[in-house]
Amino acid sequence: MKKRIRKIAILTGGGDCPGLNAVIRAVSRSAIHDYGWEVWGIEDGFAGLIEGRFLPLTIDKVSGILTQGGTILGTTNRTNPFLYAKRKGLKVEYKDVSKQALRFFRSGQFDALVCVGGDGTMSFAKRFSKEGLPIVGIPKTIDNDVPGTERTVGFYSAVHTATEAIDKLHTTAASHHRVMVIEVMGRDAGWLALASGLAGGADILLIPELPFDLKKVYARVKQRSSKGRRFTIIVVAEGAFPSGGEKIVQRKVKDVSQPVRLGGIAHWLANQIEMGTDVETRATVLGHVLRGGSPIYQDRLLATSFGCEATHRLAMGERGMMVGWGKGEFITIPLKNLAGGCRLVPKNHPWIDACRSMGAIFAEAE
Ligand code: F6P
């Protein structure tokens, strides 16, 4: 028999995104209103669980946060409880501190933990769940790349921000007859570039799933110039790379489970295009702007529905799973079945076909 729930905790882990506060609000309100549970927040993701930093979440505390970007709980994408980096003078030592996190969880007398995060957070949730922690996961990331779900909180808002930026760059590109290269985040997946490129009417889309051929990019730019449409909009994912080449790494972050930070392809590409076509080209990197701002209504709906779904599932006695969205409905996926790594864009995705039907190209190598 599953223990009856009286008190739950919630944390947000990994990179922030619009809609995290909407999730915190939904979990807290539904837990308090529907079940009379006590709800506590854990500060800064798993770092707060390791250090026992908890704060009570009341109806008052979560009121007015639906529209706020970021997370009132704080977050980090640097803490791995199973390989925790501790500095000792100049040396860094790695320790498994998961037992310490479990001790804090038990001494707080929590009956369940809601983990809001991306693939990294879900991989930790999976391991803690195996160690006996009653967990439900809620997927979030602007990258939309969490395995097991077709949508993640934050994605729609980032697509909206990127699309608005593309619209603005369109008019200046047309006025100056230039090529505009717009770089968006997304790590190893092309979801954000694909969706914003389609919504913003890009002429060329470059995504990691389809390594590109520079010659095809040059040919399309020249063709557009010669046809009288003297500008070209290119949306490139930070993880895109030329066939036979490599992804551009901006920096490597020390002592973390995912050390590679991508970025810089737009500037490299803009140089290549100017040299290869003689058409004036500019690069814009949207970067962390994509993670900010108020969530748009699609993310508010998703965040609120995921949050309520998580508390209802816990109330029904379900543990060790992640809520998600698949084939047009809410689903749950057992954490033990979650694949590692990230969810890539399938080459036959309808958005890819729609781009091609619009006359856009991916410039993919043969
Ligand atoms: O996973 C979300 C994300 O914003 C990626 O799109 C990006 O590559 C990465 O995080 C950037 O991380 P950081 O916050 O360490 O700069």
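As the structure is a prediction and not an experimental result, all values here were calculated from the model.

A. Looking closely at the overall build of the chain. Helix and strand counts for the chain stand at ten helices and 15 strands. Over its C-alpha atoms the chain spans a radius of gyration of 22 Å, differing by no more than 12% from the 21 Å that the globule rule assigns to 366 residues. Overall size of the chain, expressed as C-alpha extent along the three principal axes, is 70 × 50 × 35 Å. A total accessible area of about 16,200 Å² is found for the chain, and carbon and sulfur atoms account for 51% of it. The chain carries 49 positive and 35 negative side-chain charges, and their two centres are separated by 4 Å.

B. Inspection of the environment of Trp-268 at higher detail. Relative to the elements of secondary structure, Trp-268 occurs in helix α8 (residues 265-277). Sequence spacing of Trp-268 and His-176 is 92 residues, and the spatial spacing of their C-alpha atoms is 21 Å. With residues near it in sequence (within four places) discarded, Trp-268 still touches Phe-212, Leu-214, Pro-242 and Ile-248.

C. Quick peek at the domain arrangement of the chain. The domain architecture assigned to the chain consists of domain 1 (7-153 + 295-326) and domain 2 (159-292 + 346-357). Placing a centre on the C-alpha atoms of domain 1 and another on those of domain 2 gives a separation of 32 Å. The interface is formed by 20 residues belonging to domain 1 together with 18 residues belonging to domain 2. At the boundary of domain 1 with domain 2, total buried surface from both sides reaches about 1,500 Å², with 47% on carbon and sulfur atoms. Interface area lost by domain 1 to domain 2 is led by Arg-78, Ile-142 and Asp-143, which between them contribute 34%. Here domain 1 and domain 2 share four salt bridges between them. The closest approach of N and O atoms between Arg-187 and Asp-145, which form a salt bridge, is 2.9 Å. At the surface where domain 1 touches domain 2, the tally comes to five residue pairs in polar contact (both at pLDDT 80 or more).

D. Examining the site of the ligand more closely. Lining the immediate environment of the ligand, one finds Asn-77, Thr-141, Ile-142, Asp-143, Met-185, Gly-186, Arg-187, Glu-238, Arg-261, His-288 and Arg-291. Between the ligand and Arg-291 there is a distance of 2.8 Å, counted from an oxygen atom to a side-chain nitrogen or oxygen. If the ligand stood free it would expose 400 Å²; the protein chains cover 84% of that surface. Among the cavities detected, the one that contains the ligand is the largest pocket. For the shell around the ligand, the class distribution of residues is two nonpolar, four polar and five charged.

E. Here's a closer look at the sheet that holds strand β9 (residues 204-206). Here we have four strands laid out as an open sheet, ordered β9-β10-β8-β13, and parallel in their pairing. Looking at which strands have only one partner, the edges of the open sheet turn out to be β9 and β13 (281-285). Within the sheet, the average angular offset between the axes of one strand and its neighbour, ignoring direction, is 15 degrees. Pairing of strand β8 (residues 179-184) with β13, which is carried by five bridges, proceeds in the parallel orientation. Bridge pairing in β13 places Glu-183 opposite Val-285. Against the sheet, α8 contacts β8, β9, β10 (232-237) and β13, and its axis sits at roughly 175 degrees relative to β13.

F. Quick look at unusual backbone geometry. One non-glycine residue, His-177, lies in positive phi territory at about 55 degrees. For Ala-363, which is not glycine, the phi torsion reads 55 degrees and is therefore positive. With respect to the helices, strands and loops of the structure, Ala-363 is situated in the segment after α10 (350-357). Residue classification places Ala-363 among the buried positions, given a relative accessible area of 2%.

G. Quick peek at the pattern of salt bridges. The final tally for this structure, using the stated rule, is 18 salt bridges. Across the pair Glu-280 and Arg-178 runs a salt bridge, and its minimum N-O distance is 3.3 Å. Note that Glu-280 is positioned in the loop between α8 and β13 and Arg-178 in the loop between α5 (155-176) and β8, a separation of 102 residues in sequence.

Conventions used here
- Residues numbered from 1 in each chain as written.
- Predicted model: local features only at pLDDT ≥ 70, side-chain atom pairs only at ≥ 80, totals over all residues.
- Heavy atoms only, no water.
- Helix = DSSP H or I, 4+ residues; strand = E, 2+ residues; numbered from the N terminus.
- Rg over C-alpha atoms; globule rule 2.2 N^0.38 Å.
- Areas by Shrake-Rupley, 256 points an atom, 1.4 Å probe, with all protein chains shown as cover.
- Lys, Arg positive; Asp, Glu negative; His and termini not counted.
- Charge placed at Lys NZ, Arg CZ, Asp CG, Glu CD.
- Contact = heavy atoms within 4.5 Å.
- Domains from an automatic or database assignment.
- Buried area = accessible area lost by both parts, 1.4 Å probe.
- Salt bridge = Lys/Arg side-chain N within 4 Å of Asp/Glu carboxyl O.
- Polar contact = N/O pair within 3.5 Å; in protein donor to acceptor, adjacent residues only side chain to side chain.
- Near = heavy atom within 4 Å.
- 1 Å grid on protein atoms, 1.4 Å probe; cavity = no way out; pocket = protein on both sides within 12 Å on 5 of 7 lines; lining within 4 Å.
- Sits in = over half its atoms within 2 Å of the grid points.
- Nonpolar A, V, L, I, M, F, W, Y, C, P; charged D, E, K, R; others polar.
- Pairing = 2+ DSSP bridges.
- Axes fitted to C-alpha atoms, helices over the stretch in contact; angles between N-to-C directions.
- Buried < 20%, exposed > 50% of the residue type's maximum accessible area, 1.4 Å probe, protein only.

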